[in-house]
Amino acid sequence: MTTFECGPTTIAIRARYDEVVSDRWPVFVRPQPGELLSSWAHRLAFANGIAPRSFGRVLGFSGGMWSPSLDMNFQTDAVNILSARTGVSLPQLFTMSLKGSPLKRLLLPLRDDGRRRGSAWLQFCPQCLAEDAQPHFRRQWRLSTRISCAHHRCGLRDRCPSCRSRIAAFNQVELVPQHFCVTCGFDLRQAPKVSVSPSVRSLDQCIHDICTLEAITDAMLSNSLIRRLLAIPDICRQYPAASLVGLSTSARIRCFVRLAMRPNDWLIEDDDAVVALWRRSILSAGGHASLIGLLADTLERKRLRFRPEKRRQPMTELSTLLTAYLRMMENPRRRSV
Ligand SMILES: [Zn+2]
Ligand SMILES: [Zn+2]
């Protein structure tokens, strides 16, 4: 296999079809860390010279939001084709999907109600896309609780700034990379920066850290955290009766601005005193993204030893994990890992 650079994309050309006994597609596209399955599928289609809408048909879909559906449902026939034709294993494809996510209720819905303030299924950070060697969309940009990019210290977007359309790369009929608006062709990497204050970004990060840890321990299934997060528009009195998942990114940013100005009791309170202590600790430190990422990666690797179809079982007792975490926090040397 020959690998070479071609503009912003590294492509690997396999031997000619008639020279090998292989069912692989000619161009291999490596999944990027944290990439969403649909994003990789769009890049794979483009690299192999097929527009995403036609590529959906190759995988057995008849149209519509086929790739967002693939993220959610991990359709067996489609993922078997993807795995067989690329060599990427089913477990790796599974980690890129959102199938069985314990945060499912916090994911942005796959619907477009046409309202200006309504949610879109996917968000993006223009600067992340601009810096990517291979521009790609992240799994965490599907979460309604994420409103900013910690790396670029800016707000996320969910619409093309030129024509206000939502991202619809699944519907692209031209051979165009997914970071160009399907409706007007605007390069999403050029979208202006959205300003978000440090206190709002910190709240966003803390909520994400709390969700990440409690999700991997399955603690969320038995507490009211998700319900409270969904009620954020009501709790901050910005949009009474609205659900967080039903709002656009800019409307959710407005909610977080108001939330950041009030005490965090609404987020900390829990029947379990250890959980409350844990949340308070994260909030007082402004989040521990790298440490929690490390814990999450370790536990995710353990989770993958189970078959994707199997119902997820709690891998770790929350109290055990929290004890380990608090010990790490007390030891500055290990915290810097
Ligand atoms: Zn970014
Ligand atoms: Zn546009």
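Use the structure listed above.
Residues numbered from 1 in each chain as written. Chains lettered and ligands numbered in written order. Predicted model: local features only at pLDDT ≥ 70, side-chain atom pairs only at ≥ 80, totals over all residues. Heavy atoms only, no water.

It is worth spelling out the overall build of the protein chain at this point. Helices and strands together make up the secondary structure of the protein chain, namely 15 helices and five strands. Put simply, the protein chain has 337 residues, and 50% of those count as buried. Restricting to contacts in the protein chain with at least 6 residues of sequence separation, those with at least 24 account for 65%. When the accessible area of the protein chain is evaluated, it comes to approximately 16,400 Å², of which 51% is carbon and sulfur surface. (Helix = DSSP H or I, 4+ residues; strand = E, 2+ residues; numbered from the N terminus. Buried < 20%, exposed > 50% of the residue type's maximum accessible area, 1.4 Å probe, protein only. Contact = heavy atoms within 4.5 Å. Areas by Shrake-Rupley, 256 points an atom, 1.4 Å probe, with all protein chains shown as cover.)

Once that is clear, we can look at helix H7 (residues 198-216). An α-helical turn contains 3.6 residues, so any two residues separated by three or four positions project in the same direction. Between its first and last C-alpha atoms H7 spans 27 Å; for 19 residues at 1.5 Å apiece the expected length is 27 Å, and the two agree. For H7, the tally of buried residues reaches 16 of 19 residues, placing the bulk of the element in the interior. (Expected span 1.5 Å × (residues − 1).)

Once that is clear, we can look at the coordination of the zinc ion (ligand 2). Donor atoms from the polypeptide that bind the zinc ion (ligand 2) are Cys160 (SG), Cys163 (SG), Cys181 (SG) and Cys184 (SG), placed at 2.3 to 2.4 Å. Given four donor atoms and angles of 104 to 114° at the metal, the environment of the zinc ion (ligand 2) is assigned as tetrahedral. Each donor residue of the zinc ion (ligand 2) belongs to the same chain, with the gaps between them written as C-x2-C-x17-C-x2-C. Of the two residues, Cys160 sits in the loop between strand E5 (154-155) and H7 while Cys184 sits in the loop between E5 and H7, which places them 24 residues apart along the sequence. Note on Cys160: relative accessible area 2%, which makes it buried. (Donors = N, O, S within 2.8 Å, 3.2 Å for Na, K, Ca; no water. Tetrahedral: all angles 85-135°; square planar, octahedral: opposite > 155°, others 65-115°.)

Tracing the sequence through the fold places Ser83 in helix H4 (residues 76-86). The exposure class of Ser83 is buried, given its relative accessible area of 16%. Setting aside residues no more than four positions away along its own chain, Ser83 makes contact with Val88, Ser89, Leu90 and Leu93.

At their nearest, the axes of H7 and helix H10 (residues 249-259) sit 9 Å apart, and the two run at 100° to each other. In terms of axis orientation, H7 runs roughly perpendicular to H10. Two secondary-structure elements touch here, H7 through Val200, Leu203, Asp204 and Ile207 and H10 through Phe256, Val257 and Leu259. In the contact of H7 with H10, the residues fall into six nonpolar, no polar and one charged. (Axes fitted to C-alpha atoms, helices over the stretch in contact; angles between N-to-C directions. Parallel < 35°, antiparallel > 145°, perpendicular 65-115°, else oblique. Nonpolar A, V, L, I, M, F, W, Y, C, P; charged D, E, K, R; others polar.)

Another point: helix H12 (residues 273-285). The end-to-end C-alpha distance of H12, which contains 13 residues, comes to 18 Å, matching closely the 18 Å that a straight helix rising 1.5 Å per residue would cover. When we look at burial in H12, the residues that qualify are Val275, Ala276, Trp278, Arg279, Ser281, Ile282 and Leu283. Among the residues trailing H12, Gly286 stands out with phi positive, at a value near 75°.

Between two packed helices, both the angle of their axes relative to each other and the distance between the axes serve to describe the pair. Put simply, helix H1 (residues 37-47) and helix H3 (residues 66-73) touch, their axes get as near as 8 Å, and they point 135° apart. Between H1 and H3, the angle falls in the class oblique. Judged by the twist between their axes, the crossing of H1 over H3 is right-handed. Here Leu37, Ser38, Ala41 and His42 of H1 come into contact with H3, specifically with Trp66, Ser67, Pro68, Leu70 and Asp71. When grouped by side-chain class, the residues that make up the contact of H1 with H3 number five nonpolar, three polar and one charged. (Left-handed = near helix turned anticlockwise from the far one by under 90°.)

What follows is about the pattern of salt bridges. Under the defined criterion, the tally for this structure stands at seven salt bridges. One salt bridge connects Arg138 with Asp132, and the closest N-O pair in it is separated by 2.6 Å. Between Arg159 and Asp158 there is a salt bridge, and its shortest N-O distance comes to 3.1 Å. The burial state of Arg159 is the same as that of Asp158; both residues are buried. Shared partners join several salt bridges into a network, and the residues in it are Glu214, Asp270 and Arg279. (Salt bridge = Lys/Arg side-chain N within 4 Å of Asp/Glu carboxyl O.)

Another aspect to go through is the packing of aromatic side chains. Counted under the stated rule, the structure contains six aromatic pairs. Note on Phe137 and Trp141: the rings are 6.2 Å apart at their centroids and 80° apart in plane angle, and the pair reads as edge-to-face. Trp141 carries the same exposure label as Phe137, and that label is buried. By the ring-pair criterion, three or more aromatic residues cluster together here, those being Trp25, Phe55, Phe61 and Trp66. (Phe/Tyr/Trp six-rings, centres within 6.5 Å; stacked < 30°, edge-to-face > 60°.)

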